[in-house]
Amino acid sequence: MAVQTVSPADLSPPAKQTSLWSRIWHNDAPGYLFLLPWLVGFLGLTIGPMVTSLYLSFTDFDLLTAPEWVGANNYIRMLTNDPKFWTSMRVTMFFVIFSVPLKLAFALAVAMLLNRGIRGLPLYRALFYLPSLLGASVAIAILWRQIFAGDGLVNKFLAMFGIIGPSWISNPNYSLWTLIVLSIWQFGSPMIIFLAGLRQIPQDMYEAASLDGASKWRQFVKITLPLLTPVVFFNAIIQTIEAFKSFTPAFIISGGTGNPINSTLFYTLYLYQEAFGFFRMGYASALAWVLLALVGVFTAFSFLTSKYWVHYDD
Amino acid sequence: MTDAPAGLTVVNGSVSPARKRITTILIHAALLGASILMLYPLLWMLAASFRPENEIFTSASIIPSSWSIDSYIRGWNGLRTSFGVFFTNSFIISILSVCGNVLACSMAAFAFARLQFRGRNFWFAMMLMTLMLPYQVTLIPQYVLFRQLGWVNTFLPLVVPKFLAADGFFIFLMVQFFRGLPKELDEAAQMDGCSPWRIYWKIVMPLSLPVLATAAIFTFIWTWDDFFGPLIYLSEMRQYTVMLGLRTFTDSTGTSDYGGLFAMSVLSLVPIFLFFLFFQRLLIEGIATTGMKR
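Residues numbered from 1 in each chain as written. Chains lettered and ligands numbered in written order. Predicted model: local features only at pLDDT ≥ 70, side-chain atom pairs only at ≥ 80, totals over all residues.

1. Topic: the overall build of chain B
Secondary structure assignment for chain B yields 13 helices and zero strands. Each helix and strand of chain B, placed in order from N terminus to C terminus, yields the pattern α-α-α-α-α-α-α-α-α-α-α-α-α. Principal-axis analysis of the C-alpha atoms places the extent of chain B at approximately 75 × 70 × 35 Å. A total of 294 residues make up chain B; the buried ones form 39% of that total. Counting contacts in chain B only where the partners sit at least 6 residues apart, residues at least 24 apart contribute 72% of the total. (Helix = DSSP H or I, 4+ residues; strand = E, 2+ residues; numbered from the N terminus. Buried ≥ 20, exposed ≤ 12 C-beta atoms within 10 Å, placed from the backbone. Contact = placed C-beta atoms within 7 Å.)

2. Side note on the overall build of chain A
Per the secondary structure count, chain A includes 15 helices and two strands. The C-alpha atoms of chain A give 26 Å as radius of gyration, which overshoots the globular expectation for 314 residues (20 Å, by more than 25%). Principal-axis analysis of the C-alpha atoms gives chain A an extent of 90 × 70 × 40 Å. (Rg over C-alpha atoms; globule rule 2.2 N^0.38 Å.)

3. Let's talk about the interface of chain A and chain B
Residue-level contacts link 82 residues of chain A with 75 residues of chain B. Counting residues per element, the side of chain A that touches chain B draws most heavily on helix 3 (residues 29-56) of chain A, which supplies 17 residues.

4. Topic: the environment of Ala250(A)
Residue and element names in this part refer to chain A. For Ala250, the position within the fold is in helix 13 (residues 248-253). Under the C-beta neighbour-count criterion, Ala250 is labelled buried, with 27 such atoms within 10 Å. As a C-alpha pair, Ala250 and Gly48 span 202 residues in sequence and 30 Å in three-dimensional space. Once residues within four sequence positions are removed from consideration, Ala250 is found in contact with Leu179, Gly258, Thr264, Phe266 and Leu269.

5. Here's the deal with the domain arrangement of chain B
Often the size quoted for an interface is simply the accessible area lost on bringing the parts together. All names here are of chain B. Each domain of chain B was delimited in the assignment, giving domain 1 (17-68) and domain 2 (80-291). Between the C-alpha centres of domain 1 and domain 2 there is a distance of 33 Å. Each partner contributes residues to the interface: domain 1 has six residues there, and domain 2 has six residues. Here the side of domain 1 that touches domain 2 is composed, by residue class, of four nonpolar, one polar and one charged. (Domains from an automatic or database assignment. Nonpolar A, V, L, I, M, F, W, Y, C, P; charged D, E, K, R; others polar.)

6. Quick look at the nonpolar core
All names here are of chain B. Core analysis: the largest hydrophobic core is formed by 144 residues, its most contacted members being Cys105, Ala108, Ala109, Phe110, Ile171, Met174 and Ala215. The dominant element in this core, judged by the number of residues it contributes, is helix 3 (residues 83-114), at 13 residues. Among residues more than four places away in sequence, those in contact with Ala109 are Ile171, Met174, Val175 and Phe178. (Core = buried A, V, L, I, M, F, W, Y, C linked by C-beta atoms within 7 Å.)

7. Quick notes on the domain arrangement of chain A
All names here are of chain A. Along its sequence, chain A is organised into domain 1 (17-74) and domain 2 (76-309). Here domain 1 and domain 2 have C-alpha centroids that lie 33 Å from each other. The partner domain 2 presents 11 residues to the 13 residues of domain 1 that form the contact. Those elements that provide at least two residues to the side of domain 1 that touches domain 2 are helix 3, strand 1 (59-60) and helix 4 (73-80).

8. Some points on helix 9 (residues 175-185) of chain A
Taken together, the buried positions of helix 9 of chain A are occupied by Ser175(A), Leu176(A), Thr178(A), Leu179(A), Ile180(A), Leu182(A) and Ser183(A). Elements that come into contact with the buried residues of helix 9 of chain A comprise helix 5 (83-114), helix 7 (138-147), helix 12 (216-245) and helix 13 of chain A.

Right, dumping it as structure tokens:
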């Protein structure tokens, strides 16, 4: 790579006789050259495909023959004539609404215990974090399927107390809950973020509060929680988007079907089935855009309401 | 700590040493109990992989009554293609992904954090937007594109996007770090006639080894774990990754060879666990710093 020499004089703004092109070359070119790989990816793998997928969502497309324009049919069918769409929507919403708050509550509770200056903090933190790191793996989903099977680990423990547990995985009343438990089990990474946030809260605020006779609970509600809201907000957004996108555990545990009786038919799983099981690429594209709209509405709503409950100190 | 006589509750709302000790013990008990509960399934799977086949489902204990590596031997060759091939494939894909991500993301991050050019803020905002984008929205056209390029059933759809910095999270991570490096470094180097490329390669990159390592490790783990990408792009067994191999194992064996399945599952977690063992400080700091609002 040639070494471009820049004398101090070149750094001072507008050199007189330089042409527009040479100014662009010197000012903007380095930035764009460094950005080039990302720009190619952004245009070729994100923006281009997004536009294409919006177009495909208004077509019938089976991958082999050319897409056939059908107007809003895909969306109409989805909303009026596809019970599986509504089932998958309900399953995903249920999963998001229960897994995210429970996971964050666990993460915060453990972070607060760890933040009391106890010994062995690094060890505990590492142990609690381990499931987060491993959790996304197929191996863990396989393990989960075994733990909650009829003759699995959970029921063996229950049997010690004389309780005969159901087969959690194949019972539609519980199957989704096994996935929620799996998600809560991975509370480690939000916990670490909470812990970092708790460290930022000045200790003297608590001292002042306890001098005034504020109870621990009052200190939590009046100091910890308000000062932690930016972190809660961040964690909630990240975890919710992750929950919407969750795929692997449901796929592995149900063998790709979303059964029993579609009780674990995540939206992403349904989309996968439509696209790569039935090759209804147009319909699957429409499903993807509805998902995007959903995530978009959720994010926009969170940011808009954040100014009423998220506390920024500046 | 106040010097109050033991057993007396001190004014000002602080508590006696005795009570404090009991609280500490209770906290440790709770944390220890929770750790054991959380790690029990993992330990059980580890134990199950070393049990003789007939013992796997009869015991909830995490200590096998007798040890055997039969499951590993059976599992390794449990499918038409050996797990050795799957592990090799996973390693190739993961290592190429690490190279791509570290190189392409650090270049983009360098542009965003250290260079001045028109449109920078616009592109940065675009990059942040991609962080929120569910991959399903680009999935099908990407598939069509890679299919037309003849890349289906090769590793290219899994690796090439990494060289195009497709994972904005890592750009964001590196921008945060690069911004923290003193500006005077670049300015001094520029005075000495260094090109941006030299500043990037000789100054910024060597100073950023912690963040590059964090990005490298997370890329490796996430690529290693990735199931969806290989699921749609790889359909021939000799190209399978470990995750696809495991999935096929669950399908094809039904309920027959749980020992082999668990053994291969444990083996698939070993690389991740090693990273955890040696680099957990780096990983935890990485999470803590990107999580911070700043």
